[in-house]
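# Summary of structural features
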Amino acid sequence: MIIVMKPNAPVEERNKIVAGLEEKGFKVDLGTGKQAIIGVVGDASILNPHDIMVNDWVEKVLRVQEPFKRANRAFHPEDSIIDIDGVKIGGKQVQVIAGPCSVENRDQVVSVAKSVKMGGAHLMRGGAFKPRTSPYSFQGMGLPGLDLLKEAKAETGLPIVTEIMSTDVLDRFVEDVDLIQVGARNMQNFHLLKELGKTKKPILLKRGLAATVQEWIMSAEYIMAEGNPNVILCERGVRTFETYTRNTLDLSAVCAAKKLSHLPVIVDPSHAAGLWWMVPALAKAAVAVGADGLLIEVHNDPEKALCDGAQSLKPERFAELMGELKGIARIIGRDL
Ligand code: PEP
Ligand code: MN
């Protein structure tokens, strides 16, 4: 249940309602927006909205159908804007994360970071820990890969986005990573989500391979329930009957997630398509439907990439795409 106070309601009136709810055993969340909003956590079915409306300072009482509260737009009507080392995701500016699937060596990661920066990227990515379907495939460089990402950041100033797969490296990630990615395969690793929720780090939560929009937002709720509000959702394609593409990009999920939640939503067309030549068209479509950002794989030598070369853009094509995306952003009243 969500209680919306009138815009000029005195704080004491809100506090009186909160105290009454706490007396009844409810946990209460206070919204962070301009208007005072009280979120009632727990089974609010025993509460009668009319009893709460007895207080004249209450504007309305909403019964929330969705099982998520902190991630719910009803609780936080304004779009959330997440600050990643000065780069704000969720506002007017569409932000682009670019870089290789995995960190392979110093020259590769520094060279790609420099090219994507020149092309106009706002953050850089690179996997140090790689969740691979086969145990015989390249598993990533691990922590030495993180050191190389730091070198790339020192050279370019671009904030680092990289995937965490287990909590044993959490302290290093909190120290060195600007935006911690939870991959599709770990979207429902609830232990990992809870531990990330205990930090204040921005988290990029990818949609699971076959997760519904509600399941995806519930995973965001796990992080937020522990006290970390800095979550960004990432649609990266879902498993369907289609085999031509690696996954099926679900752009309707961007609209749905943004309607249900105040969290920023970005799109990863690279893992959705699995085909480099399709990435520019899908990236443009994503911006057109209102995505707050993009995650695009770029490699200096895709033919030799240790992971996901087939879906990686060369730096020149990435730079060209950034120009094209600017045009789309302008048409819908956004910057890029
Ligand atoms: C990735 O971003 O490199 C990745 C493994 O993505 P996903 O979890 O979406 O498959
Ligand atoms: Mn990849």
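Now for a look at the structure at hand. The model shown is predicted, which means the values in this text are computed figures rather than measured ones.

The rules we used
Residues numbered from 1 in each chain as written. Chains lettered and ligands numbered in written order. Predicted model: local features only at pLDDT ≥ 70, side-chain atom pairs only at ≥ 80, totals over all residues. Heavy atoms only, no water. Helix = DSSP H or I, 4+ residues; strand = E, 2+ residues; numbered from the N terminus. Rg over C-alpha atoms; globule rule 2.2 N^0.38 Å. Contact = heavy atoms within 4.5 Å. Areas by Shrake-Rupley, 256 points an atom, 1.4 Å probe, with all protein chains shown as cover. Lys, Arg positive; Asp, Glu negative; His and termini not counted. Charge placed at Lys NZ, Arg CZ, Asp CG, Glu CD. Buried < 20%, exposed > 50% of the residue type's maximum accessible area, 1.4 Å probe, protein only. Near = heavy atom within 4 Å. Polar contact = N/O pair within 3.5 Å; in protein donor to acceptor, adjacent residues only side chain to side chain. 1 Å grid on protein atoms, 1.4 Å probe; cavity = no way out; pocket = protein on both sides within 12 Å on 5 of 7 lines; lining within 4 Å. Sits in = over half its atoms within 2 Å of the grid points. Nonpolar A, V, L, I, M, F, W, Y, C, P; charged D, E, K, R; others polar. Pairing = 2+ DSSP bridges. Axes fitted to C-alpha atoms, helices over the stretch in contact; angles between N-to-C directions. Arc of directions from axis to C-beta.

A word on the overall build of the chain. Secondary structure summary: the chain contains 11 helices and 14 strands in total. The C-alpha atoms of the chain give a radius of gyration of 21 Å, which matches the 20 Å a tight globule of 336 residues would have. A principal-axis box enclosing the C-alpha atoms of the chain has dimensions of 70 × 45 × 40 Å. Across the chain, every contact between residues at least 6 apart in sequence was considered, and the portion connecting residues at least 24 apart equals 69%. When the accessible surface of the chain is totalled, it reaches about 14500 Å², and 54% of it is carbon and sulfur. Of the side chains in the chain, 41 bear a positive and 42 a negative charge, and the two mean positions are spaced by 2 Å.

A separate point is the environment of Lys34. Turning to its location among the elements, Lys34 is positioned in the loop between β2 (27-30) and β3 (37-41). With relative accessibility at 80%, the residue Lys34 sits in the exposed group. Through-space distance from the C-alpha of Lys34 to that of Gly237 is 35 Å; in sequence the pair is 203 residues apart.

Next up on the list: the site of ligand 1. Near ligand 1, the surroundings consist of Cys101, Arg125, Lys130, Glu163, Gln181, Gly183, Ala184, Arg185, Lys206, Arg236, His271 and Glu297. Take Arg185: an N or O atom from its side chain is 2.8 Å from an oxygen atom of ligand 1. Taking Lys206, its side chain carries an N or O atom lying 2.9 Å from an oxygen atom of ligand 1. Across the complex, the protein chains shield 97% of the 300 Å² of accessible surface that ligand 1 would expose by itself. Applying the majority rule of atoms within 2 Å of the grid points places ligand 1 in the second largest pocket. Considering only residue class, the shell around ligand 1 consists of 2 nonpolar, 3 polar and 7 charged.

What the 8 strands build is a closed barrel, ordered β7-β8-β9-β10-β11-β12-β13-β14; its pairing is parallel. Each strand axis lies, on average, 30° off the axis of its neighbour in the sheet, ignoring direction. The pairing of strand β12 (residues 231-235) with strand β13 (residues 265-267) spans 3 bridges and is classified as parallel. For Leu233, the partnering residue across the bridge sits in β13 and is Val265. Sheet strands touched by helix α6 (residues 190-197): β9 (160-164), β10 (179-182) and β11 (203-206). Its angle to β10, the strand with the most contacts, is close to 165°. Packed onto the sheet, helix α10 (residues 279-289) meets β13 and β14 (293-297) and runs at close to 170° relative to β14.

Attention now moves to unusual backbone geometry. Positioned with a positive phi, Asp85 is a non-glycine residue whose angle comes to about 50°. Of note in the backbone geometry, Asp308 takes a positive phi value of approximately 60° without being a glycine. Within the fold, Asp308 resides in the loop between β14 and α11 (315-331).

The complete set of buried residues in α10 reads Val279, Pro280, Leu282, Ala283, Ala286 and Val287. Taken around the axis of α10, the buried residues stretch over an arc of 165°, which confines them to a single face. Residues of α10 that are buried make contact with α8 (251-260), β13, α9 (269-273), β14 and α11. Two residues or fewer after α10 comes Gly290, characterised by a positive phi angle close to 110°.

Quick look at the pairing of β14 now. Burial of β14 is extensive: 5 of the 5 residues sit out of reach of the surface. Where burial is concerned, the two faces of β14 agree: the one with Gly293, Leu295 and Glu297 and the one with Leu294 and Ile296 are both buried. Bridging between strand β7 (residues 95-99) and β14 involves 5 bridges; their strand directions are parallel. The residue of β14 that forms the bridge with Ile97 is Leu295. The pairing of β13 with β14 spans 2 bridges and is parallel. Within β14, the position partnered with Val267 by the bridge is Leu294.

That is the geometry; function is a separate question.
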